[in-house]
Amino acid sequence: SQTIHQWPATLVQPVGSPLSLECTVEGTSNPNLYWYRQAAGRGLQLLFYSVGIGQISSEVPQNLSASRPQDRQFILSSKKLLLSDSGFYLCAWRTPAYGYTFGSGTRLTVV
Amino acid sequence: AQTVTQSQPEMSVQEAETVTLSCTYDTSENNYYLFWYKQPPSRQMILVIRQEAYKQQNATENRFSVNFQKAAKSFSLKISDSQLGDTAMYFCAFMNLLGIQGAQKLVFGQGTRLTINP
């Protein structure tokens, strides 16, 4: 069966520090992968998506970047975190018929 | 660009009552999917129900059903016999079926916070 793993679950980072969030998918090949951010418990904003290794599309210009070094691995990064980067980050993969399956999320607090 | 609007930021009902959450969307496309996702306090996003736009019959999953009005671009969720475990944020979402697969993005509404009271 297909599963999606996301870590860490919680992260507290100082302003100006780097960030690396990782997402991996099991049980499928060449998945379409997505990073979303949810601020203040409201709607989800699409940040990046990837249809294959090395292919990244950015939806919103910002302080973050994404990479896909392996088929089932999707990484969200930042060189220097801002206070405004705080939020809840969700990774997802597109299933053929059921929309998206989401990871369990990472709660990031920038202090 | 597609947009999804949920006009009810918060709702509260008593256990066992029926509640309807509203959702409207804007698109010029004809083929698309609509979804309702539930986000409990754990913040895990859970698929509740899915509707294909080409299907006239409204989707149903146990106590959850939708009223899909394609011409009106309306997609409401009805929860019957509500339970305490239904307390969560509910998000309506839209996905078009055009373009390359990666471009078939989920666009979310702002959510409705539903509280089921004992």
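Residues numbered from 1 in each chain as written. Chains lettered and ligands numbered in written order. Predicted model: local features only at pLDDT ≥ 70, side-chain atom pairs only at ≥ 80, totals over all residues. Heavy atoms only, no water.

Colleague: I'd like to hear about the overall build of chain A, residue by residue, with values.
Modeller: Across its full length, chain A holds zero helices and eleven strands. In sequence order, chain A lays out its α and β elements as β-β-β-β-β-β-β-β-β-β-β. Over its C-alpha atoms chain A spans a radius of gyration of 13 Å, differing by no more than 12% from the 13 Å that the globule rule assigns to 111 residues. Taking all 111 residues of chain A together, the buried fraction comes to 50%. Long-range pairs, those at least 24 residues apart, make up 52% of the contacts in chain A with a sequence separation of at least 6. Of the roughly 4900 Å² that chain A leaves accessible, carbon and sulfur atoms contribute 54%. Where the 8 positive side-chain charges of chain A centre and where its 5 negative ones centre are 6 Å apart. (Helix = DSSP H or I, 4+ residues; strand = E, 2+ residues; numbered from the N terminus. Rg over C-alpha atoms; globule rule 2.2 N^0.38 Å. Buried < 20%, exposed > 50% of the residue type's maximum accessible area, 1.4 Å probe, protein only. Contact = heavy atoms within 4.5 Å. Areas by Shrake-Rupley, 256 points an atom, 1.4 Å probe, with all protein chains shown as cover. Lys, Arg positive; Asp, Glu negative; His and termini not counted. Charge placed at Lys NZ, Arg CZ, Asp CG, Glu CD.)

Colleague: Just give me the short version of the packing of aromatic side chains, but keep the residues and values in it.
Modeller: Counting across every chain of the model gives 18 aromatic pairs over all chains. Plain terms: the ring middles of F68 of chain B and F75 of chain B are 6.3 Å apart, the flat faces sit at 80° to each other, and that makes the pair edge-to-face. Chaining the aromatic ring pairs together yields one cluster made of Y34, Y36, Y49, Y100 and F102 of chain A together with Y33, F35, Y37, F91 and F108 of chain B. Positioned over the ring face of F88 of chain A is R43 of chain B, at 4.1 Å from the centre of the ring. (Phe/Tyr/Trp six-rings, centres within 6.5 Å; stacked < 30°, edge-to-face > 60°. Lys NZ or Arg CZ within 6 Å of the ring centre and 35° of its normal.)

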